[in-house]
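Examining the three-dimensional arrangement
If you want the building blocks of each chain, they are given just below.
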Amino acid sequence: MIRFGVIGAGRIARTFAEALKKTEGCAYAIASRDAAKAEAFKTMHGFEVAYGSYEAMLNDPLVDCVYIATPHAFHKAQMLLAIDHGKAVLCEKAFTVNAAEAEEVFARAKAQGVFVMEAMWSRFLPTVRAVVRRVHEHVIGTPCRLDIDFSFLGDPNDTRLYDPKLGGGALLDIGVYAITFANLIFGAPERIETTAEMHDQGVDIAETITYHYVHATATMRVGFTENRPIEARLYGSEGSIRMPWFWQMETAHRYDKGGVLIETLSHPHRANGFEYQIDEVIRCLEANKLESDWMPHRTTLDILRQMDTLRHRWSMN
Ligand SMILES: NC(=O)c1ccc[n+]([C@@H]2O[C@H](COP(=O)([O-])OP(=O)(O)OC[C@H]3O[C@@H](n4cnc5c(N)ncnc54)[C@H](OP(=O)(O)O)[C@@H]3O)[C@@H](O)[C@H]2O)c1
């Protein structure tokens, strides 16, 4: 059984811990900078061991795989530390704050023969995979337009979202989901157009990103400035697919050219949706693989390079 150790006892670590219970993985260790917080997390989520430092947990030989659940700016250093302790790594999105950091992580993992994967949980959702399959079967003909809306009203006191030193900004937090989805459907863009609104603290808080492909366009509106229905819509020559809550998708609806509902794809989560990426990590580790075929290093790098380009256009780096 693969024993997981979690770095950071925060919000998303709780979601991960709940999903882990519905997998073959073992909820083994939790590490926080605060020993009392780690102890409380252990009790609440049924973990076996709590550590008051990340390094102490990494020195535990029983930990097989580390899940990194901290703000983006810390991912690179924490991954390198875990790799140097010989631990497999599942690291939250955005994997790192830029592609150069990810290159360093993947090079170290390769040198040490350690598995590493970005925790882009959306890619592993059964409904997302079913949609991608259906699109490749041409059920909506040739896909030509993707519209994605992903915005919510952020709390400026939430430093993880607004502090540039923590790797804040809408792109790294939620834009990464839209970009991942566009890449799943169309691959890398030929040309990018974009505008962004910046917050006083220096992070992007509302952006429009248009990806142009030879015969298609993807438009993504992302931000922390308003609550809007979160949805992706994909249009093809023979129909369309509507995907409410696309990044945590359980249900998608396919329509014909006339707008008549033809098919509903529905796969309710076993837990909360995080379980499918955990299943993948377990499969890969049991097969002694160093990367996942469905979330390969090259895809993480492609998407980070696209995000580097966007931030460069907004004069952020
Ligand atoms: N929140 C979500 O809905 C969500 C969804 C999917 C993915 N994610 C991703 O999950 C990761 C963590 O997000 P989160 O919302 O769970 O973060 P969070 O609750 O703000 O922080 C998680 C943990 O990171 C450490 N941390 C936080 N602020 C820190 C600081 N200023 N300096 C050093 N360590 C700090 C703390 O670990 P200690 O326990 O050691 O104090 C904290 O418990 C991010 O990559 C995010 O994009 C979040």
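Our structure's up above, just so we're on the same page.
Residues numbered from 1 in each chain as written. Predicted model: local features only at pLDDT ≥ 70, side-chain atom pairs only at ≥ 80, totals over all residues. Heavy atoms only, no water.

Considering the site of the ligand
Operational definition: Summary of the distance rule: residues count as near a molecule or strand when at least one heavy atom falls within 4 Å of that molecule or strand. Throughout this description, a polar contact denotes any pair of N or O atoms lying within 3.5 Å of each other; where both atoms belong to protein, one of them has to be capable of donating a hydrogen while the other can accept it, and for residues adjacent in sequence the pair is counted only when both atoms sit in side chains. Exposure was quantified through the Shrake-Rupley algorithm and a 1.4 Å probe, taking into account, for residues, occlusion by the shown protein chains and nothing else. Using protein atoms alone on a 1 Å grid, points that fit a 1.4 Å probe yet trap it form a cavity, whereas open point sets bounded by protein on both sides within 12 Å along at least five of seven lines form a pocket; residues with an atom within 4 Å of a point count as lining. More than half of a molecule's atoms within 2 Å of the grid points is what it takes for that molecule to sit in a cavity or pocket. Helix numbering and strand numbering both begin at the N terminus, where a helix is a DSSP run of H or I of at least 4 residues and a strand a DSSP run of E of at least 2.
As a matter of local geometry, the ligand sits amid 21 residues, with S32, R33, Y54, H72 and K93 nearest to it. Within the backbone of A9, one N or O atom sits 2.8 Å away from an oxygen atom of the ligand. Here an oxygen atom of the ligand sits 2.7 Å away from a polar atom, N or O, in the main chain of R33. If the ligand stood free it would expose 880 Å²; the protein chains cover 80% of that surface. Here the ligand is seated within the largest pocket. At the level of secondary structure, the elements contributing two or more residues to the shell around the ligand comprise α1 (11-20) and α8 (170-186).

Description of the sheet that holds strand β5 (residues 88-92)
Strand pairing in a sheet takes place through backbone hydrogen bonds and is either antiparallel or parallel in direction. Applicable threshold: A pair of strands is considered paired only if DSSP assigns at least 2 bridges between the two. Axis lines are fitted through C-alpha atoms, for helices just across the contact stretch, and the angle between N-to-C directions can take any value from 0 to 180 degrees. Residue contacts are counted whenever heavy atoms from the two residues lie within 4.5 Å of one another.
One open sheet accounts for six strands, arranged β3-β2-β1-β4-β5-β6; its pairing is parallel. Whereas interior strands pair on both sides, the edge strands pair on one side only; in this sheet they are β3 (49-51) and β6 (116-119). Strand-to-strand twist across the sheet, computed as the mean angle between neighbouring axes with direction ignored, equals 20 degrees. Contacts from helix α4 (residues 75-84) reach β1 (3-7), β4 (65-68), β5 and β6, with the element oriented near 170 degrees to β5. Each of β1, β4, β5 and β6 touches helix α9 (residues 275-286); the most contacted strand, β6, lies at about 175 degrees to it.

So, the layout of surface pockets
Filter applied, for reference: Grid points are joined across faces, edges and corners, and a volume is the space filled by probe spheres set on the points. Residue classes follow a fixed rule: Ala, Val, Leu, Ile, Met, Phe, Trp, Tyr, Cys and Pro count as nonpolar, while Asp, Glu, Lys and Arg count as charged, and any other residue, Gly among them, counts as polar. Where each domain begins and ends follows an automated or database-derived domain assignment.
In this model, the largest pocket occupies a volume close to 750 Å³. Lining of the largest pocket is provided by 31 residues; of these, R11, I12, A69, T70 and R160 occupy positions nearest its centre. Here the lining of the largest pocket is built from residues that sort into 14 nonpolar, nine polar and eight charged. Shared between two domains, the lining of the largest pocket takes at least three residues from each, and those domains are domain 1 (3-120 + 273-291) and domain 2 (126-268). Of the pockets and cavities examined, the second largest pocket occupies roughly 180 Å³. Around the second largest pocket, the lining residues are V97, N98, P164, G167, G168, L172, G202, V203, R311, M316 and N317. Considering only residue class, the lining of the second largest pocket consists of five nonpolar, five polar and one charged.

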